[in-house]
Each structure stands twice: as structure tokens, then as C-alpha cells.
Amino acid sequence: MRKALITGITGQDGAYLAKFLVSKGYKVYGGYRRSSTRNFWRLHYLDVKKDIELIPLDLLDQTSIMSAIKYCEPDEIYNLAAQSFVGVSFDEAIATGEISGLGVTRILDSIRFINPKIKFYQASTSEMFGNAPQPQSEKTPFEPASPYAAAKLYGHWVNKNYREGYNMFTCSGILFNHESPIRGIEFVTKKITDGVARIKMGYNKELLLGNLEAKRDWGFAGDYVEAMWAMLQNDTPDDYVVATGESHSVREFCEEAFAVVGLDYKNYVKTDKRFFRPVDVNYLLGDPTKIKTTIGWGPKTSFKDLVKMMVLADVEKYENPMTHSQQFLKHI
Ligand code: NAP
Ligand code: G4F
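Residues numbered from 1 in each chain as written. Chains lettered and ligands numbered in written order. Predicted model: local features only at pLDDT ≥ 70, side-chain atom pairs only at ≥ 80, totals over all residues. Heavy atoms only, no water.

Visitor: Let's hear about the site of ligand 1: which residues, and what values?
Guide: Taken together, 25 residues are adjacent to ligand 1, and T10, N39, S84, Y148 and K152 come closest. A distance of 2.8 Å separates an oxygen atom of ligand 1 from a polar side-chain atom of K152. In the model, a nitrogen atom of ligand 1 is placed 3.2 Å from a nitrogen or oxygen of the R183 side chain. Bound to the protein, ligand 1 loses 90% of the 900 Å² it would expose on its own. Secondary structure elements with two or more residues in the shell around ligand 1: α1 (12-23), β5 (119-125) and α6 (147-166). The biggest single contributor to the shell around ligand 1 is β5, with three residues. Residue classes in the shell around ligand 1 are distributed as ten nonpolar, ten polar and five charged. (Near = heavy atom within 4 Å. Polar contact = N/O pair within 3.5 Å; in protein donor to acceptor, adjacent residues only side chain to side chain. Areas by Shrake-Rupley, 256 points an atom, 1.4 Å probe, with all protein chains shown as cover. Helix = DSSP H or I, 4+ residues; strand = E, 2+ residues; numbered from the N terminus. Nonpolar A, V, L, I, M, F, W, Y, C, P; charged D, E, K, R; others polar.)

Structure, rendered in C-alpha cells:
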């Protein structure tokens, strides 16, 4: 049985990847950091917690990484852990650098000394392109525009250095934004779909957002974790852009999301300067040609279906709170 260790198991992608690898017959270990409140709700939401083994692992602590790897003896490691919110990276730039940047080197060195044959996936990001010209591909020069993007770019380069310098099997997926019903509430898509549901229920009267003109290439997280796995199954390690090849503005996302419940976003969405960033990335549009032609991966979920899936999940959450809370009570 093949064994995989996923860091960041409590996050959106950690839950989807765990579900996917279990379906492929893997023994899955999920690395989590200690917190005062248990945080496994996404694993319950996807009904995968029972199928995986949880193991303490903090990217700030080299020893915890080494002992997790020694204990699991994985064939593959997926590094999904990060301080992943761009907005907060302006307030916590040093912590972001330590976790999302140096954390990658801590894992790579652990692999190098324990078993350099372990295959490694690094969660790189389209944020590394910043405001570079569209469409962005593997050949586009990087222009990171936030402490988060700069930290991720460090991790991206060091991953390539270890591949070339130590002949290790390391891949980076340069993933464009991907969302789902279990996306963190601070990200704009989830903030919008949750806001739509709250307005529909009569709990809120308006939704306050920042830059409505920013454009993103949004896909579905469930599709994107399949790309992570596919990269590690290829004969040679490499870096790949993972995207849909279609971009929409935050305004368009609002229009589509409010329309799902028969409302006009113009009557509810307002801007508030608190939600604008010191520097923003205005337009991300990925070119996924390389992963399509070399690996055969492509997205299965359209923008329209993604928005609808998220809005309906949030409406269901408020319409059936008992069912929802029973689901969540499982993690206490
Ligand atoms: P997420 O929901 O924010 O999950 C991040 C995970 O990292 C959580 O499990 C979090 O644990 C964990 N983490 C944070 N600090 C840690 C530390 N010091 N040690 C160990 N674990 C730590 O992010 P996501 O959306 O699933 O994204 C997964 C990865 O892909 C991230 O690296 C992100 O930067 C990258 N990425 C995401 C996207 C996207 O659109 N979703 C696009 C490109 C790249 P807690 O639950 O304890 O906070
Ligand atoms: O949803 P966001 O916070 O995602 P962002 O900054 O694109 O980052 C996400 O995707 C990256 C991949 O490109 C990942 F690497 C990263 O970890 C994360 O998952 O913001 C999207 C856009 C931004 O331009 C932001 O300024 O939406 C704009 N926006 C407008 N109003 C807002 C808001 N963003 C948030 N979070 N909240 C708002 O009220």
C-alpha cells in the first residue's frame, strides 16, 4: 500500500486531497498543528477523518517534521501547509515568511537526510506572478506583490534547487485560485457566497467588499488536488501551472452568486476601504497548456457550477442548521 503524508490536513485542499488519495487506495497521514480548539471540521464535512491517521506536524518545528516523516515512512509528501491568506501576510509578514517560505526548506532538508527518494509536492501559487502580463504560464517572469507571494516564491525556488542540486523528485504546482464549499470564510468567494445566503435568510442587509475589479482564474479545489497527485505520478519531476484558462472579476462573481438566489448584487454589495490591500494583484489568468499536454489534467467544473455549488451549500447551512450542526458536532 502506498503511503502519503499531507501537511495542512485541516485546510481546504488537505481535506480534498485526503479524500482523493484514500479513494486511490493510499494510507494517508495528515499533519496538523496543535491549537486550543479542535479543527477537523473539513475532514468531517468530506467524511474522510475516519480513513486517515492524524499526526502532529508544525512547519515552524524541524523536529516535528522529522519525527512525522520517520514515523509515516511516506512514499509521497504533499506540502499544503501555509499561512495562505494574502491580506494577513501584510500584517504578519515575518510569520508568513517562516511558515510559507522557510517551512518548505525544513521539509526538503528532512527528506534529504531521512530518505531522498520520497516524492515531494509543493503548493506554489499564481500569486507569485503578481501583476505580470496575462496569460501566465511556466515561462512568465515572477513579480510577487505581497509578503505571502514573496515567501511562496522562495519556497518555489528552493524546491527547484533541491531537484537540480540533490536530484530529488520535487514538483511545484503553480495553482491559480481554487474554491469549494469548505473554503476559508476570509477568502472573497466564500465571503460572497456566505453573504448571499445570510442576505437571503434576512440576517444581513449588505455585503462589504474591497476591490471589485480584481480578476481571478477560479477553479474547483476537488479538481485541483487531482493535478497535485498526477504530477507526482509522472516519470520526471517538474513545475506546472494549474488553472482553468478563464478569468472573472470579483464583481462578476457577485453578480453570478446573487443571481443563484434571484437577487441583484447591485442592491447589496458596497465597498469598504478596510478590505482593500496595500498592493493588489489585478488580473490573474492561467495558461494550463503544459499540464494538459504532458499529464492530461484538465478542470471538470465550470465557473457557473462552482459559484452555484458554493451558494447552495451556504444556503443549506442556514436553512438546516440542525443537520449542519450535527455534522459539526462530530468533531468535538
Ligand atoms: P488553507 O485552507 O488556508 O489551509 C492551510 C493549512 O496550513 C491549514 O491546515 C493550516 O492549519 C496549516 N498551517 C498553517 N500554519 C501551519 C504551520 N505552522 N504548521 C503546520 N500547518 C500549518 O489553504 P488551502 O486553500 O487549503 O491551500 C493549501 C495550500 O495551497 C497552501 O499552501 C496555499 O498557500 C496554497 N495555494 C492555495 C490556493 C487556493 O486558491 N486555495 C492557490 C494556490 C496555492 P490550521 O487549520 O491550524 O490553521
Ligand atoms: O479571495 P482572495 O483573498 O484570494 P487571493 O488574494 O487571490 O489569494 C488566494 O489565491 C491565491 C492563488 O492566486 C492563493 F495562493 C492564496 O493562498 C489564496 O488562496 O482575494 C481575491 C481578490 C483580491 O484581489 C482581493 O483584493 O479579491 C479581492 N477582494 C475584494 N474584496 C477581496 C475582498 N478579498 C477578500 N479576501 N475579502 C474582500 O472583502
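Visitor: Provide a residue-level description of unusual backbone geometry, including the pertinent values.
Guide: The omega angle of the peptide bond from Q134 to P135 is -10°, so this bond is cis rather than trans. The residue P135 is located in the loop between β5 and α6 in this model. Positive phi values are uncommon outside glycine, yet E73 reaches one of about 45°. Take E73: its relative accessible area is 55%, and that puts it in the exposed class. (Buried < 20%, exposed > 50% of the residue type's maximum accessible area, 1.4 Å probe, protein only.)

Visitor: Go over the packing of helix α7 (residues 188-201) against helix α11 (residues 303-319) with me, naming the residues and quoting the values.
Guide: It is the contact of α7 with α11, at a shortest axis distance of 8 Å, that shows an interaxial angle of 45°. With respect to their mutual orientation, α7 and α11 come out oblique. Judged by the sense of rotation from one axis to the other, the crossing of α7 with α11 is right-handed. Here α7 contributes T189, K190, T193, D194, V196, A197, R198 and M201 to the contact with α11, which in turn contributes V307, M310, V311, D314, V315, K317, Y318 and E319. (Axes fitted to C-alpha atoms, helices over the stretch in contact; angles between N-to-C directions. Parallel < 35°, antiparallel > 145°, perpendicular 65-115°, else oblique. Left-handed = near helix turned anticlockwise from the far one by under 90°. Contact = heavy atoms within 4.5 Å.)

Visitor: Give a description of the domain arrangement of the protein that names residues and reports values.
Guide: Split by domain assignment, the protein resolves into domain 1 (3-179 + 219-242) and domain 2 (188-216 + 247-283 + 301-329). In this structure, domain 1 and domain 2 have C-alpha centres spaced 27 Å apart. Between domain 1 and domain 2, the contact holds 18 residues from the first and 16 residues from the second. Both faces considered, domain 1 and domain 2 share a buried interface measuring about 1500 Å² in area, 59% of it formed by carbon and sulfur atoms. (Domains from an automatic or database assignment. Buried area = accessible area lost by both parts, 1.4 Å probe.)

Visitor: Explain the state of the cysteines residue by residue, including any values.
Guide: Inspection of every chain in the model, using the stated rule, returns zero disulfides. Sulfur of C171: no disulfide; nearest cysteine sulfur belongs to C72 and is 20 Å away. (Disulfide = S-S within 2.5 Å.)

Visitor: Go over the pattern of salt bridges with me, naming the residues and quoting the values.
Guide: Evaluation of the coordinates by the stated rule reveals 22 salt bridges. Notably, a salt bridge pairs K270 with E206, separated by 3.4 Å at the nearest N-O pair. Separated by 64 residues along the polypeptide, K270 in strand β13 (residues 269-271) and E206 in the loop between α7 and β8 (207-209) bring together distant segments of the chain. Owing to a relative accessible area of 40%, K270 belongs among the partly exposed residues under this scheme. E206 gets classed as partly exposed once you look at its relative accessible area, which sits at 36%. (Salt bridge = Lys/Arg side-chain N within 4 Å of Asp/Glu carboxyl O.)

Visitor: Requested: an account of the environment of T7, with residues and values cited.
Guide: Mapped onto the secondary structure, T7 falls in strand β1 (residues 3-7). Residue classification places T7 among the buried residues on the basis of a relative accessible area of 1%. Each C-alpha atom, one on T7 and one on V311, is 28 Å from the other, the two residues being 304 residues apart in sequence. In contact with T7, not counting residues within four places along its chain, are G31, L57, Y78, N79, L80, A81 and I107. Here L80 takes part through its backbone nitrogen, which lies 3.0 Å from a polar atom of the side chain of T7. A polar contact is formed between the side chain of T7 and the backbone nitrogen of A81, at a distance of 3.0 Å.

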